[in-house]
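Report on the structure
In case you want the letters, here they are:
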Amino acid sequence: MRGPEDPITTTMRRIDGSLHRRDVGRSRSTTATTRSKHHPWTLTAYLYLTPAMILILGVTGFCVAFVINTSFYRWNGIGPGAVWVGAHNFKQFITDPVVLLSTLHIGIILLTIPITLFIGLLSAALLHSGIRFSGIFKALLFMPVVISPALTAPTFREIFGPQGYLNDALGLVGLSSGRAWLSTPVTAIGALAVIVIWASVGFAYLLYYAQLASIDLSILEAARMDGASNPQVFWYFLMPLCRPATATLVLLSLISLAKFFDYPFLLTDGGPLHGTEFFGTYLYKQLTRYFDAGYSSVLSIAIVVLCIALSLIQRLANAKMRE
Amino acid sequence: MLLQFRSWPSRLGVHLLLVLIVVPFAAPLAAVVAGANGGFGIIENIKTVAMVPEVPAYLGGSLLVAIGTVLPSLAVSLLCAYALARLPHKGKPLIQGLMVAALALPSVSIIVPLFYVVSTLNLANSYLSVIVPLVALGIPFNVILARSFLEDLPKELFEAASLDGCNSFQTLIYIVIPVSRPLIGVIVVWTFIAAWNEFLLPLVFLLNPARGVVTLLPSYFQGEYSSNVPLVITASLFGLVPSVIMFLAAQRFFAHGLSAGMLR
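Here we summarise the structure given alongside this text.

Here is what the cut-offs are and how they apply
- Residues numbered from 1 in each chain as written.
- Chains lettered and ligands numbered in written order.
- Predicted model: local features only at pLDDT ≥ 70, side-chain atom pairs only at ≥ 80, totals over all residues.
- Heavy atoms only, no water.
- Helix = DSSP H or I, 4+ residues; strand = E, 2+ residues; numbered from the N terminus.
- Buried < 20%, exposed > 50% of the residue type's maximum accessible area, 1.4 Å probe, protein only.
- Contact = heavy atoms within 4.5 Å.
- Lys, Arg positive; Asp, Glu negative; His and termini not counted.
- Charge placed at Lys NZ, Arg CZ, Asp CG, Glu CD.
- Areas by Shrake-Rupley, 256 points an atom, 1.4 Å probe, with all protein chains shown as cover.
- Core = buried A, V, L, I, M, F, W, Y, C linked by side-chain atoms within 4.5 Å.
- Buried area = accessible area lost by both parts, 1.4 Å probe.
- Polar contact = N/O pair within 3.5 Å; in protein donor to acceptor, adjacent residues only side chain to side chain.
- Nonpolar A, V, L, I, M, F, W, Y, C, P; charged D, E, K, R; others polar.
- Salt bridge = Lys/Arg side-chain N within 4 Å of Asp/Glu carboxyl O.
- Phe/Tyr/Trp six-rings, centres within 6.5 Å; stacked < 30°, edge-to-face > 60°.
- Expected span 1.5 Å × (residues − 1).
- Bend = angle between axes of the 7 residues up to and from the residue.

Broken down by element type, chain B carries 12 helices and 0 strands. Along chain B, helices (α) and strands (β) appear in the sequence α-α-α-α-α-α-α-α-α-α-α-α when read from the amino end. Viewed in the frame of its principal axes, chain B has a C-alpha envelope of about 70 × 70 × 30 Å. Per-residue burial for chain B yields a buried fraction of 54% across its 264 residues. Residue pairs in contact within chain B that sit at least 24 positions apart in sequence constitute 79% of those at least 6 positions apart. When the 12 basic and 9 acidic side-chain charges of chain B are each reduced to a single mean position, those positions are 10 Å apart.

All right, on to the overall build of chain A then. When its secondary structure is counted, chain A shows 16 helices and 2 strands. For chain A, with 323 residues in total, the buried portion stands at 50%. Restricting the contact set of chain A to residue pairs at least 6 apart, pairs at least 24 apart contribute 64%. Accessible surface for chain A amounts to roughly 15,500 Å². Of this, 68% is attributable to carbon and sulfur atoms.

Next up on the list: the nonpolar core. If you look at soluble globular proteins, the nonpolar side chains tend to sit buried side by side. Residues Y208, L212 and L238 of chain A together with F221 and L258 of chain B are the most contacted members of the largest nonpolar core, which totals 186 residues. Broken down by element, this core gets its largest block of residues, 16 residues, from helix α10 (residues 185-213) of chain A. Once residues lying within four places of it in the same chain are set aside, the contact partners of L212 of chain A are L121, A124, A125, H128, L238 and C242 of chain A together with L2 of chain B.

Another aspect to go through is the interface of chain B and chain A. Between chain B and chain A, the residue contacts involve 98 residues of the former and 104 residues of the latter. For the chain B face of the interface with chain A, the top three residues by lost area are L2, L3 and F25 of chain B, together amounting to 10%. Across the contact surface, chain B and chain A share 10 residue pairs in polar contact (both at pLDDT 80 or more). At 17 residues, the largest contribution of residues to the side of chain B that touches chain A is made by helix α1 (residues 8-36) of chain B. A class-by-class count of the residues in the side of chain B that touches chain A yields 73 nonpolar, 21 polar and 4 charged.

Here we come to the side chain of H105 of chain A. Residue and element names in this part refer to chain A. Position of H105 among the secondary structure elements: in helix α5 (residues 97-110). Judged by relative accessible area, which is 4%, H105 ranks as buried. Excluding its chain neighbours within four sequence positions, the residues that come into contact with H105 are I189, H274, G275, T276, E277 and F278.

Throughout the structure, instances matching the rule amount to 4 salt bridges over all chains. Among the ionic pairs, R289 of chain A bridges to D269 of chain A, the shortest N-O distance being 2.9 Å. With R289 of chain A in the loop between α15 (279-288) and α16 (293-322) and D269 of chain A in the loop between α14 (262-267) and α15, this residue pair connects regions lying 20 residues apart in the sequence. Assessed through its relative accessible area of 45%, R289 of chain A is described here as partly exposed. With a shortest N-O distance of 2.8 Å, R147 of chain B and E151 of chain B are connected by a salt bridge. With R147 of chain B and E151 of chain B both in helix α6 (residues 128-151), this residue pair falls 4 residues apart, about one helical turn.

Residues and elements named next belong to chain A. Even without a glycine there, the phi angle at D269 is positive, about 55 degrees. For H274, which is not glycine, the phi dihedral falls at a positive 60 degrees. Residue H274 is classed as partly exposed on the basis of its relative accessible area, which comes to 27%.

It is worth spelling out the packing of aromatic side chains at this point. One pass over the full model with this rule turns up 30 aromatic pairs over all chains. Between the aromatic rings of F93 of chain A and F279 of chain A, the centroid separation amounts to 6.5 Å while the plane-to-plane angle is 25 degrees, which identifies the pairing as stacked. Pair noted here: F93 of chain A is in helix α4 (residues 88-95) and F279 of chain A is in helix α15, with a separation of 186 residues, a long-range link. Residue classification places F279 of chain A among the buried positions, given a relative accessible area of 7%. Measuring from ring centre to ring centre gives 5.4 Å for F141 of chain B and W190 of chain B, while their planes differ by 25 degrees; the resulting arrangement is stacked. Within this pair, whereas F141 of chain B is found in helix α6, its partner W190 of chain B is found in helix α9 (residues 181-197), the two being separated by 49 residues in sequence. We classify F141 of chain B as buried; its relative accessible area is 11%. By way of ring pairs, the aromatic residues F142 and F203 of chain A together with F141, W190, F247 and F254 of chain B are connected into one cluster.

Taking 1.5 Å per residue as the helical rise, α1 of chain B with its 29 residues ought to reach 42 Å, and the 40 Å between its terminal C-alpha atoms agrees with that figure. Its maximal kink placed at V23 of chain B, α1 of chain B deviates by approximately 35 degrees, while the proline P24 of chain B follows within four residues.

With that settled, the discussion passes to the environment of L153 of chain B. All names here are of chain B. Position of L153 among the secondary structure elements: in the loop between α6 and α7 (155-163). The exposure class of L153 is buried, given its relative accessible area of 12%. The spacing of L153 and I193 is 40 residues in sequence and 27 Å in space, taken between C-alpha atoms.

Remember that the coordinates give geometry; whether it matters functionally is a separate question.
Below you can see the structure in the form of structure tokens.
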């Protein structure tokens, strides 16, 4: 039972309840007695949730169930003729050296997160400090976030090519190498890491900028009275005060990097010799080149499990930090 | 001021530092223009690319996919977020958990079923086959964004609406939507850009070269004019420019609304 209510709430509830109940086709007299037990809006709420639930459960739920089922079969992904193979695909997954390589690569790419966040926070703090032309800086920092990997990939292929802009720039400082950056695994992974930082700093900067706007300036002034320098203010005040934004950003980055696909697919296609392979590109290859839907499904599951595991680790770490 | 730069050398220094940070971010964008300027020059390249019939067709396709994604996504997400934020009911934590889980589901990991559905249902080469998964995959982010915005609206607004005799749907239409214009703007821009930029779904679904979207333009040009890199980059410019213009036009409220929603 609810406690006593003020008249406005009661009136509101009555008005809404009656309007709504007519829709559901109940009579006033029965609902008047149940009002205290069931909120009259509950059914409407479920009604409003239905389209979203149908789409999410229908599309994503169906796909997840389909993937789990397929992972137990040998199947070409198109026609009939799926053969039950039990855990065979999972055994293949455990012994596959390419899986190990992909894990290593995603680990390297995840190392870009602290760099991205640092550049994002630094530029957000600087842009909050009465800078001229800050509009141009802000627009340029965020621009990479809104443009498609598919559309920048041809340019990146040019930048990192043997006669590309990077080598031109290196030539200007006397370091001309003529290196094809995307053709050897180590430099290709490095190039991908740089591209990831380029593409994600804008989002980090944006959230930090908003978080910094809510900081109480009197704390900083007090610190400055005590002689804190700019680097000290940044390190001891701005970084800790931005922890909520950092937590959100780490979670979003982990989720988006675990499914890293577009750039390696477009720039190196996982090659040379799986040297830049990621779960996404390997999955796509297995499905469209070798028509091994069963093994692709295991790799799909691996990506989802990786997403969930990384976000759980992040949550635990975040809870630890707060203690 | 968060950090203070009082003396002119330090002011100069901080501007230089910002330039140093921003130049690498602008460099690839400059490289796009420089790359498109190769061969016979950017003007000639643009003319050549614009003459290819696939270019306007793919631009139209992207526009269709983007608008076709934005409208249902907005309606469905607003309804769902409104129910989660405003209407009391029991399954809330479960549904919120489902949203976060669905957010973690990448489109790469569902291409096996998508691939199958395409090849059996004859859905291939229909823009609808790109739109439906895009809407479904985009809802969680929009709902999380919208819910935090709607929860922050003052209670009195809703009480006043009820006193005036609005039911929950009327409250949504006449009260919530008019005051949520910034939120709606953010959802529209974000969903539009995400749909415009989507690459994997069109790659799997739109197999007929007559049907396409702008993200497929570079690979189409690579297939047709493989050695002519400036032409490929010019083609990518046709897809880049609209999303950049859209972002610049919406920048002010977009940046603010997006960060406000994500920081909750």
